[in-house]
Amino acid sequence: MPIISLGPQSYHHHPQNEIKPSSTPLLSIDLPNSHHTLKFHPIPITPFHDPTSIPNPNPPISQSTPIRVPLPPKAPIFRVSKSTMITDDSESPTTSSTTTTENSSSSNPSNPSMDPISWPHNGEITLDWVVNVMTVFDWASRNLKPAELPTVLPVSVFDSIVLIGSKILHKEPNCVRVGDVGEDTRVVVVGDVHGQLHDVLFLLRDAGLPSENRVFVFNGDYVDRGAWGLETFVLLLCWKIFLPNRVYLLRGNHESKYCTTVYGFEKEVMAKYGDQGKHVYRKCLGCFEGLPLASVIAGRVYTAHGGLFRSVAVTPTKRPKGKKRNRKLSASSEHNKLSLGSFEELNKARRSVLDPPWEGHNLIPGDVLWSDPSMRPGLSPNKERGIGLIWGPDCTENFLKEFQLKLIIRSHEGPDAREKRPGLGGMSDGYTIDHVVESGKLITLFSAPDYPQFQATEERFNNKGAYIVLEPPNFDTPVFRVFEAVSPRPKGNPYYDYEDVIDSDEELDLLSMVSS
């Protein structure tokens, strides 16, 4: 059936949005410098004070403790946040629309300071602790200068988060298997987010926070281009530590030294942490090296940032007698016919490199992170990017059939990149279905709406973002949730020259990758 994409939706009144009369007794406050008394019913404060959040139709299994906030000086500002649900086989998409209240003091510079995040005394992270991190980061983005971030995220706390998170990530295989999923489980797949913290906060609330029955798989590109890459990555790392078997963080091509130098993340960290910036940046790079490359969900769905990868041929070599080593890896090249690789080869690849090589024997990580689909049949080097592969629908069919899969969900291409890809769909709705073959489908998923945050052109792309929900029993029929950017965004700083830098990741300076 055809995929139906919707334009902006109007807000629909719902009884759950009404404020109903309270049965609690009236409270009285004598107003200063006045003979009047204010009487009111007390209204409970929501546990998570987040201007980007919406009431979740599928709330998490437990609630966080209330967070004290100052009494707002004005009436709340009501804003509508929207997401659209589109099933892969439905003709009539379902739209959910809910109202959130934004405390007008949340953007008031005179707001009292937020308590800094502290590492739990017993070392055990709780749901309340992670939700508090979400709250603090959102507040800080609206009330603090970048250089003041250490006042709420001290370096000592950052070090603890990255140390424990890195240990968990480095122990995972190159391709993680998401197999512990039952009839009450949903799997949420997320594409590029690129430092757009407030859209990530909305997405987490819209999909429902990670829990034992709600698994998240992120396809990478957490940093660069957006103003809050560090907060975004640290937040998702906190979720990984809290639920290591329910939150999976895969690596994107921007989780590398080269990209973070060109597209802003390195300068962002230096601006926020000053003299300690080099230390924080190096810790992030070390953590990036541990991020897995791909996932297989319920034995049916393959996800990776870029996509498919080549086979690395094993050829015998001449050797002196007495030597046991008689085989070497010979990377496929233009001189050798390219063929698709296996999961065994994927798991043997060395992923702990700051910048995946584009030549030599360790090509699989670069393929997984940088490759792109095409409508032309065949498998060939990705000459536009200078690294990775280009693969056609025949390769998608062969890969799905050989490994008994139904879906490939990859990311890597936003509206700027797709603008230059004739024959493939645009990214206005946050996803495209690129290949439909006998064995299944190939989907490109992009979760950063109104991307990039800083645009040099007069006319913005104004794309929507999307995420996918996979449901039981087979987890291979995608449900697309399309959402708009949180508006207005807090003012952020660009940490790269967005007017001069190339629009997408094409035409890489490969020599600088070597020197880095």
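Quick caveat, the model's predicted, so the values are computed rather than measured.

What to know about the pairing of strand E20 (residues 478–483)
So, point 1. Burial analysis of E20 places six of its six residues in the buried class, the great majority of the element.
So, point 2. Burial along E20 is two-sided: the face carrying Pro 478, Phe 480 and Val 482 and the face carrying Val 479, Arg 481 and Phe 483 are both buried.
So, point 3. Examined bridge by bridge, strand E19 (residues 465–470) and E20 share six bridges and lie antiparallel to one another. Paired with Val 469 across the bridge in E20 is Val 479.

Looking at the sheet that holds strand E5 (residues 175–178)
So, point 1. Overall, mixed pairing links the six strands, which are arranged E5-E9-E10-E16-E18-E17 in an open sheet. Two strands lie at the open edges of the sheet, namely E5 and strand E17 (431–437), each paired on one side alone. Sheet twist, expressed as the mean angle between neighbouring strand axes with direction ignored, is 20°.
So, point 2. The pairing of strand E9 (residues 294–297) with strand E10 (residues 301–304) spans four bridges and is classified as antiparallel. When the bridges of E10 are listed, Ile 297 appears paired with Val 301.

As for the nonpolar core
So, point 1. Within the largest apolar cluster, 67 residues are counted, with the highest numbers of intra-cluster contacts made by Leu 153, Ile 161, Leu 230 and Trp 239.
So, point 2. Element by element, the count of residues in this core is highest for helix H1 (residues 127–143), at 10 residues.
So, point 3. Apart from residues lying up to four places away in sequence, Leu 230 is in contact with Leu 149, Phe 158, Phe 265, Glu 268, Val 269, Tyr 273, Val 280 and Cys 284.

Considering the state of the cysteines
So, point 1. Scanning the entire structure with this criterion turns up zero disulfides.
So, point 2. Note on Cys 287: no disulfide assigned, nearest cysteine sulfur contributed by Cys 284 at a separation of 7.3 Å.

Things to note about the packing of aromatic side chains
For any two aromatic rings, the description comes down to two numbers: the centre-to-centre distance and the angle of the planes.
So, point 1. Under the defined criterion, the tally for this structure stands at 20 aromatic pairs.
So, point 2. Relative to Phe 288, the ring of Phe 233 lies with its centre 5.0 Å away and its plane at 75°, an arrangement referred to as edge-to-face. Here Phe 233 is found in helix H4 (residues 229–242), whereas its partner Phe 288 is found in helix H7 (residues 277–290), with 55 residues between them in sequence.
So, point 3. Its relative accessible area of 1% is what places Phe 288 among the buried residues.
So, point 4. With a centroid separation of 5.9 Å and an interplanar angle of 65°, the aromatic rings of Tyr 302 and Phe 343 are classed as edge-to-face.

A few points about the confidence of the model for the chain
So, point 1. Considering every residue of the chain, the mean pLDDT works out to 81; 72% of them sit at 70 or more.
So, point 2. Note that pLDDT drops below 50 for residues 1–29; the model gives that stretch 58 contacts with residues more than four away or on any other chain.
So, point 3. Low pLDDT, under 50, characterises residues 36–81; the stretch is placed with 114 contacts to residues that sit more than four places away or in other chains.

Brief notes about the sheet that holds strand E13 (residues 372–373)
So, point 1. With mixed pairing, three strands are arranged side by side in an open sheet as E13-E15-E14. Strands at the two margins of the open sheet, each flanked by one partner only, are E13 and strand E14 (379–381).
So, point 2. Bridging between E13 and strand E15 (residues 389–391) involves two bridges; their strand directions are parallel. Bridging from a neighbouring strand, Asp 372 pairs with Ile 390 of E15.

Description of the pattern of salt bridges
So, point 1. Using the criterion set out here, one finds 19 salt bridges in the structure.
So, point 2. In this structure, Arg 310 engages Asp 367 in a salt bridge whose closest nitrogen and oxygen atoms are separated by 2.7 Å. Of this pair, Arg 310 sits in the loop between E10 and strand E11 (312–316) while Asp 367 sits in helix H9 (residues 364–370), placing them 57 residues apart in sequence. Considered together, Arg 310 and Asp 367 belong to a single accessibility category, that of buried residues.
So, point 3. One salt bridge connects Asp 434 with Arg 418, and the closest N-O pair in it is separated by 3.0 Å.

Focus: unusual backbone geometry
So, point 1. Tyr 451 connects to Pro 452 through a cis peptide bond whose omega is -10°.
So, point 2. In this structure, Pro 488 follows Ser 487 across a cis peptide bond, with omega equal to -5°.
So, point 3. In this structure, Pro 488 sits in the loop between E20 and helix H12 (510–515).
So, point 4. Even without glycine at this site, His 194 takes up a positive phi of about 45°.
So, point 5. Mapped onto the secondary structure, His 194 falls in the loop between strand E6 (186–190) and helix H3 (197–207).
So, point 6. Judged by relative accessible area, His 194 falls into the buried class, the value being 1%.
So, point 7. Even without being glycine, Asn 462 reaches a positive phi, approximately 55°.

Rules and cut-offs
- Residues numbered from 1 in each chain as written.
- Predicted model: local features only at pLDDT ≥ 70, side-chain atom pairs only at ≥ 80, totals over all residues.
- Heavy atoms only, no water.
- Buried < 20%, exposed > 50% of the residue type's maximum accessible area, 1.4 Å probe, protein only.
- Helix = DSSP H or I, 4+ residues; strand = E, 2+ residues; numbered from the N terminus.
- Pairing = 2+ DSSP bridges.
- Axes fitted to C-alpha atoms, helices over the stretch in contact; angles between N-to-C directions.
- Core = buried A, V, L, I, M, F, W, Y, C linked by side-chain atoms within 4.5 Å.
- Contact = heavy atoms within 4.5 Å.
- Disulfide = S-S within 2.5 Å.
- Phe/Tyr/Trp six-rings, centres within 6.5 Å; stacked < 30°, edge-to-face > 60°.
- pLDDT = per-residue confidence, 0-100.
- Salt bridge = Lys/Arg side-chain N within 4 Å of Asp/Glu carboxyl O.

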